[in-house]
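One-letter residues, chain by chain:
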Amino acid sequence: MNGSERRQKTVEIDIRKDLFGANENAAALNTEIFKKHGIIAIDIMGSVGTGKTQLIEALCDRLREKYRILMLAGDLATTIDADRVASHGVDTVQINTGTACHLDARMVKVALQKVDLADYQVVFIENVGNLICPAGYSLGVDKKIVVVSVTEGPYMVRKHPLTIKHADIIIINKIDLVNALEFDIDALEADIREVDAKMPVLRVSSKTGEGIDKLIEVLHL
Ligand SMILES: Nc1nc2c(ncn2[C@@H]2O[C@H](COP(=O)(O)OP(=O)(O)OP(=O)(O)O)[C@@H](O)[C@H]2O)c(=O)[nH]1
Ligand SMILES: [Mg+2]
């Protein structure tokens, strides 16, 4: 081979396939881990401030006598949410993602390694506050809840159809504020039905507790 004949090869990387493929494998391992320990795992997603933590607090208050509960809190920084839920007598692991706008399956696996899973029957995972990124990353859970609320304006469902589609249950939270905000909750629910006609949609106030028992029923807890 002389100097002018160089070997040239090209590798095409499909970053999405690569990244999501690796995450799907890690998520499948998490599913196995949950199954092995008889744990029901629930991923709770939604924009910043829709009431994910408050919903988990309300669920923990009703369920902690019945189940041994672990909460994983995903946030870029701080232990604020983990501290809030811990104050309800529930064990927590905070996952600080630094720059990542979502949890991925590997982060959840690392968090699960911090505890003895034989101690738990239910794991609530609060994803990073964001209605876009978390949808693409399976965590290996049994159920995915998306929390929207009446304080985000009327268009968030129409603008984020993919996240809605990925959910198993949609919570419309903060219904105690509907009148004050003159919010058209029927129109929001219709937007959800437009994306998925069969999607279970529950109207909830995590603050007053309205709708929480129904959610527990739907989750078979
Ligand atoms: N009125 C009313 N306020 C609520 C309800 N749920 C949550 N809030 C309030 O909304 C604010 C945000 O609630 P959080 O539970 O912290 O929301 P979050 O989705 O966990 O927020 P991030 O973790 O920052 O993404 C808090 O001041 C809550 O008290 C509700 O059902 N009704
Ligand atoms: Mg929170």
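Please read all numbers here as calculations on a predicted model, not as lab measurements.

**Considering the coordination of the magnesium ion (ligand 2)**
Protein coordination at the magnesium ion (ligand 2): the donors are Thr53 (OG1), Asp81 (OD) and Glu126 (OE), at 2.0 to 2.1 Å from the metal. Each donor residue of the magnesium ion (ligand 2) belongs to the same chain, with the gaps between them written as T-x27-D-x44-E. One end of the pair, Asp81, is in helix α3 (residues 80–86); the other, Glu126, is in strand β4 (residues 122–126), with 45 residues separating them in the sequence. As far as burial versus exposure is concerned, Asp81 and Glu126 are alike and both buried.

**Regarding the environment of Cys133**
For Cys133, the position within the fold is in the loop between β4 and β5 (143–149). Between the C-alpha atom of Cys133 and that of Cys101, which follows or precedes it by 32 residues, the distance is 6.2 Å.

**Examining the side chain of Asn130**
Tracing the backbone through its elements, the reader meets Asn130 in the loop between β4 and β5. A relative accessible area of 16% places Asn130 in the buried class. Separated by 3.4 Å, the side chain of Asn130 and the backbone oxygen of Cys101 make a polar contact. Ignoring sequence-local partners within four residues, the contact set of Asn130 consists of Gly46, Ser47, Val48 and Cys101.

**Examining the site of ligand 1**
Around ligand 1 lies a shell of 19 residues, among which Lys52, Thr53, Gln54, Arg84 and Asp176 are the nearest. One of the side-chain N or O atoms of Lys52 is found 2.7 Å from an oxygen atom in ligand 1. Arg84 places a side-chain nitrogen or oxygen 2.7 Å from an oxygen atom of ligand 1. Protein contacts shield 75% of the accessible area of ligand 1, which totals 650 Å² for the unbound molecule. Among the elements that line the shell around ligand 1, the one with the most residues is helix α2 (residues 52–63), at three residues. Of the residues that constitute the shell around ligand 1, the class distribution is two nonpolar, 10 polar and seven charged.

Reading the values: the criteria
- Residues numbered from 1 in each chain as written.
- Chains lettered and ligands numbered in written order.
- Predicted model: local features only at pLDDT ≥ 70, side-chain atom pairs only at ≥ 80, totals over all residues.
- Heavy atoms only, no water.
- Donors = N, O, S within 2.8 Å, 3.2 Å for Na, K, Ca; no water.
- Helix = DSSP H or I, 4+ residues; strand = E, 2+ residues; numbered from the N terminus.
- Buried < 20%, exposed > 50% of the residue type's maximum accessible area, 1.4 Å probe, protein only.
- Polar contact = N/O pair within 3.5 Å; in protein donor to acceptor, adjacent residues only side chain to side chain.
- Contact = heavy atoms within 4.5 Å.
- Near = heavy atom within 4 Å.
- Areas by Shrake-Rupley, 256 points an atom, 1.4 Å probe, with all protein chains shown as cover.
- Nonpolar A, V, L, I, M, F, W, Y, C, P; charged D, E, K, R; others polar.

All we've got here are geometric facts, nothing functional implied.
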